[in-house]
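Examination of the molecular architecture
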Amino acid sequence: HQQILEDPRHQGVELARLPGQGGRVQGSAQVDRQLTMIKQTAGLTTDQTRQLRDQLEAMSPETGVAFESLMQGFGGLAAGGLSFEQALPTIDAINKTVRVTGSETNTLVQALQMAQAHFNFDLSKPGQAQLLLDQMPPAGRAGVTELEDLSQAFAASAANAKRAGLSFEETLAIYEAFGTS
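Model, not experiment: these values are computed from the prediction.

Definitions and cut-offs
Residues numbered from 1 in each chain as written. Predicted model: local features only at pLDDT ≥ 70, side-chain atom pairs only at ≥ 80, totals over all residues. Heavy atoms only, no water. Salt bridge = Lys/Arg side-chain N within 4 Å of Asp/Glu carboxyl O. Helix = DSSP H or I, 4+ residues; strand = E, 2+ residues; numbered from the N terminus. Buried < 20%, exposed > 50% of the residue type's maximum accessible area, 1.4 Å probe, protein only. Core = buried A, V, L, I, M, F, W, Y, C linked by side-chain atoms within 4.5 Å. Contact = heavy atoms within 4.5 Å. Phe/Tyr/Trp six-rings, centres within 6.5 Å; stacked < 30°, edge-to-face > 60°.

1. With respect to the pattern of salt bridges
- Counted under the stated rule, the structure contains 4 salt bridges.
- Across the pair Asp32 and Arg53 runs a salt bridge whose closest N-O atoms are separated by 2.3 Å. One end of the pair, Asp32, is in helix H3 (residues 28-42); the other, Arg53, is in helix H4 (residues 46-63), with 21 residues separating them in the sequence.
- A relative accessible area of 12% places Arg53 in the buried class.
- When the shortest N-O distance is used, the salt bridge between Glu57 and Arg53 registers 3.4 Å. Placement of both Glu57 and Arg53 in helix H4 is noted, with a separation of 4 residues, approximately one turn of the helix.
- Taken together, the salt bridges that share partners define one network made up of Asp32, Arg53 and Glu57.

2. Quick notes on the nonpolar core
- Leu52, Leu56, Phe74, Ile91, Ile94, Phe154 and Phe168 are the most contacted members of the largest nonpolar core, which has 39 residues in total.
- For this core, the leading source of residues is helix H6 (residues 84-101), giving 7 residues.
- Sequence-distant contacts of Leu52, that is, excluding residues within four places in its chain, are made with Leu35, Ile38, Leu44, Phe74, Phe84 and Leu88.

3. Describing the packing of aromatic side chains
- Applying the stated criterion to the full structure yields 3 aromatic pairs.
- With 5.2 Å between their ring centres and 80° between their planes, Phe121 and Phe168 make a pair best called edge-to-face. Of this pair, Phe121 sits in the loop between helix H7 (105-119) and helix H8 (128-142) while Phe168 sits in helix H10 (residues 168-180), placing them 47 residues apart in sequence.
- For Phe168, a relative accessible area of 1% corresponds to the buried category.
- Among the aromatic side chains, those forming a connected cluster through ring pairs are Phe119, Phe121 and Phe168.

4. Comments concerning the side chain of Thr105
- Mapping Thr105 onto the fold places it in helix H7.
- Assessed through its relative accessible area of 1%, Thr105 is described here as buried.
- Filtering out sequence-adjacent residues up to four positions away, Thr105 remains in contact with Val65, Ser69, Gly73, Ile91, Ile94 and Val98.

Put into structure tokens, the structure is as follows:
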């Protein structure tokens, strides 16, 4: 990629090939550095790192969520203990939710990690992340709380809710009730 970037005759081709950059092109070397950090944190193979880059580049233009944001979100999931096979569908579910709600990727990563840690949800279970994320927007819409705020509040209060004996669904219902009362 670097040779293509340095040759002015090919810059337009390369720029068009880097999806989801929101009008800003991040240098290939910077992306490679960040992916290398994720590779080391998550214990990914070189092939998995390539697959990750390809998958995130495919996800980004589908929803308009920046490649960089998806990459950081995947890194957060991996740092939280999810394997490559578990984190990839989870970041895909987050990507779809961000597109619909406008939430921040990292906020949803944190909310899912709190649900996993405090309500014993298994994010490695296929479809679990999407199921949890699908339950959050209705609670936010029913109340006056935006999903972004709900996700932040949930991340901050999950431990207390669990100590109080509340389920995930009951915790969301409380936020919904506060928003409508």
